[in-house]
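Read off the chains here:
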Amino acid sequence: MSEIIFQERIEAEKKIEPKNWMPEKYRKHLIRQISQHAHSEIIGMQPEGEWITRAPSLRAKMILLAKVQDEAGHGLYLYSACETLGISREELVNQLHNQEAKYSSIFNYPTLSWADVGAIGWLVDGAAIVNQVSLQRTSYGPYSRGMVKICKEESFHQRQGYEIMTEMARGTKEQKEMAQDALNRFWWPSIMMFGPHDSDSPNSGNAMKWKIKRQTNDELRQSFIDKTVPQAEIIGLKIPDPDLKWNEERGHYDFGEIDWDEFWNVVNGNGPCNDQRLKHHKKAHDEGRWVRDAAKAYAKKISN
Ligand code: 3HC
């Protein structure tokens, strides 16, 4: 009976709240997706964080600092939403550390130049916006509300990245080459962020049935490509896909086949930076233990 009432609630576009009955599979699906989303936000701080000390101006440094701090906040929002499903922060972090849980493969690529910081803001946060705007309508209340706040900040992230790429693309010959090189390295990993093709996505069936996802991986990927290609053209950069072509009949861009071997290779731990990202997170987590212990001791003291 509860399953029927639950699905009727979903169909009626009523949010599922922590106190509502939910199928165990729905709860587990959400913990998997929200926790990996949160892990992605936190690990995603590393590639850009490495450039805070090397930003080319005080203004650029301030903007990047604000952006990286935002990502930490996004992670905390999402961990908090995940905890409403009855799992502790400690367990979530353990799942990341023992590689039971994933994070977005895009963050396993190195940031080799300042233009990479621009490419991440423009493309990675641009892709995240497409995905997260859609997720604002997800059926689970705490996740949906967290997305609304996060999307507002994500737009600033995308604009600051596109501004960097615009300045460099219109700068000296070397700067334009640096921007094009960053686009060449980040384009395909960015469109992989939307996950495998719908036909190869084991989680999408339930995700769509339970309205956790409101659009499919391929729909969101296509939307991102359609939005981004004109942005590259405006600043005179070339998308590294010889098969990219506007299809008047479809009203979308046709694009080349994604290298799914590379995708799964990186997802399965063999990307350029997988080890470094996890080692850094574990070190920072260990170094922060005293803060967590002090906060717990204080919370205990004031609750007595
Ligand atoms: N990187 C790593 N793993 C990925 C992936 C990627 N880019 N895309 C898919 N996968 C994994 C899935 O997690 C799943 O593995 P699992 O069952 O062990 O969890 C497997 O590949 C099959 O993929 P599915 O399509 O079946 O999985 P989902 O239905 O969960 O769809 C998703 C994948 C589209 C990423 C979906 O989980 C989602 O929308 N998540 C929320 C958004 C998110 O996590 N974004 C990550 C980036 S956050 C970010 O960029 C923040 C910005 O501020 C920088």
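This text goes with the structure placed above it.
Residues numbered from 1 in each chain as written. Predicted model: local features only at pLDDT ≥ 70, side-chain atom pairs only at ≥ 80, totals over all residues. Heavy atoms only, no water.

A. Representation of the site of the ligand within the structure. Of all residues adjacent to the ligand, which total 31 residues, the nearest are Glu71, Lys102, Ser105, Ser201 and Lys213. A distance of 2.8 Å is found between an oxygen atom of the ligand and a side-chain nitrogen or oxygen belonging to Glu71. Lys213 places a side-chain nitrogen or oxygen 2.8 Å from an oxygen atom of the ligand. A total of 1,000 Å² of accessible area belongs to the ligand in isolation, and the protein chains cover 90% of it. Its residues assigned to classes, the shell around the ligand shows 13 nonpolar, 11 polar and 7 charged. (Near = heavy atom within 4 Å. Polar contact = N/O pair within 3.5 Å; in protein donor to acceptor, adjacent residues only side chain to side chain. Areas by Shrake-Rupley, 256 points an atom, 1.4 Å probe, with all protein chains shown as cover. Nonpolar A, V, L, I, M, F, W, Y, C, P; charged D, E, K, R; others polar.)

B. Structural context of the packing of helix α2 (residues 24–43) against helix α7 (residues 141–169). At a minimum axis separation of 13 Å, α2 and α7 run at an interaxial angle of 25 degrees. In terms of axis orientation, α2 runs roughly parallel to α7. The hand of the α2/α7 crossing is left-handed. Along the contact surface, α2 presents Leu30, Gln33, Ile34, His37 and Glu41, while α7 presents Tyr143, Met147, Ile150 and Glu154. Split into classes, the residues belonging to the contact of α2 with α7 amount to 5 nonpolar, 2 polar and 2 charged. (Axes fitted to C-alpha atoms, helices over the stretch in contact; angles between N-to-C directions. Helix = DSSP H or I, 4+ residues; strand = E, 2+ residues; numbered from the N terminus. Parallel < 35°, antiparallel > 145°, perpendicular 65-115°, else oblique. Left-handed = near helix turned anticlockwise from the far one by under 90°. Contact = heavy atoms within 4.5 Å.)

C. Representation of helix α8 (residues 173–191) in the model. End to end, α8 covers 27 Å across 19 residues, agreeing with the expected 27 Å (1.5 Å per residue, within 8%). Taking the largest bend as the criterion, α8 deviates by roughly 30 degrees, centred on Arg185, and proline Pro189 comes between one and four positions later. If you check which residues of α8 are buried, you get Ala179, Gln180, Ala182, Leu183, Phe186, Trp187, Trp188, Pro189, Ser190 and Ile191. In this structure, the buried residues of α8 make contact with α6 (114–135), α7, α10 (217–234) and α11 (260–270). (Expected span 1.5 Å × (residues − 1). Bend = angle between axes of the 7 residues up to and from the residue. Buried < 20%, exposed > 50% of the residue type's maximum accessible area, 1.4 Å probe, protein only.)

D. How the structure looks around the nonpolar core. With 51 residues, the main nonpolar core has Trp114, Trp187 and Phe224 as its most contacted residues. Looking at this core, the elements with two or more residues in it are α4 (58–83), α6, α7, α8, α10 and α11. Here the element with the most residues in this core is α6; it accounts for 10 residues. Membership of the second largest hydrophobic core comes to 25 residues, among which are Leu30, Ala38, Cys82 and Ile150. (Core = buried A, V, L, I, M, F, W, Y, C linked by side-chain atoms within 4.5 Å.)

E. Quick peek at unusual backbone geometry. In this structure, Gln99 takes a positive phi of about 60 degrees despite not being glycine. With respect to the secondary-structure elements, Gln99 resides in the loop between α5 (89–97) and α6. Look at Gln99 and you get exposed, because its relative accessible area is 57%. Despite not being glycine, Lys211 shows a phi value in the positive range, around 55 degrees. Here Lys211 is to be found in the loop between α9 (204–209) and α10.

F. Molecular detail of the side chain of Gln160. By the element assignment, Gln160 lies in helix α7. Apart from the residues lying within four places of it in its own chain, the contact partners of Gln160 are Ile63, Lys67 and Gly121.

G. Up close: the packing of α5 against helix α12 (residues 274–287). Where α5 meets α12, the closest approach of the two axes is 10 Å, and the angle between their N-to-C directions is 145 degrees. Crossing handedness for the pair α5 and α12: left-handed. Along its contact with α5, which presents Val93, Leu96 and His97, the element α12 presents Leu278, His281, Lys282 and His285. In terms of residue class, the contact of α5 with α12 is made up of 3 nonpolar, 3 polar and 1 charged.

H. Highlighting the packing of aromatic side chains. Applying the stated criterion across every chain yields a total of 10 aromatic pairs. Ring plane angle 70 degrees and centroid distance 4.9 Å describe the contact between Phe6 and Tyr26, whose orientation is recorded as edge-to-face. Of this pair, Phe6 sits in helix α1 (residues 2–11) while Tyr26 sits in helix α2, and the two are 20 residues apart along the sequence. Of the two residues, Phe6 and Tyr26, both sit in the buried class. Summarising the aromatic geometry, the rings of Trp187 and Phe224 are spaced 6.0 Å apart at their centres and angled 25 degrees between planes, so their arrangement reads as stacked. Taken together, the residues Trp187 in helix α8 and Phe224 in helix α10 connect sequence positions 37 residues apart. Residue classification places Phe224 among the buried residues on the basis of a relative accessible area of 1%. Of the aromatic side chains, those joined through ring pairs into one cluster are Phe6, Trp21, Tyr26 and Trp210. It is Arg54 that lies over the ring of Trp51; its NZ or CZ is 3.9 Å from the centre. (Phe/Tyr/Trp six-rings, centres within 6.5 Å; stacked < 30°, edge-to-face > 60°. Lys NZ or Arg CZ within 6 Å of the ring centre and 35° of its normal.)

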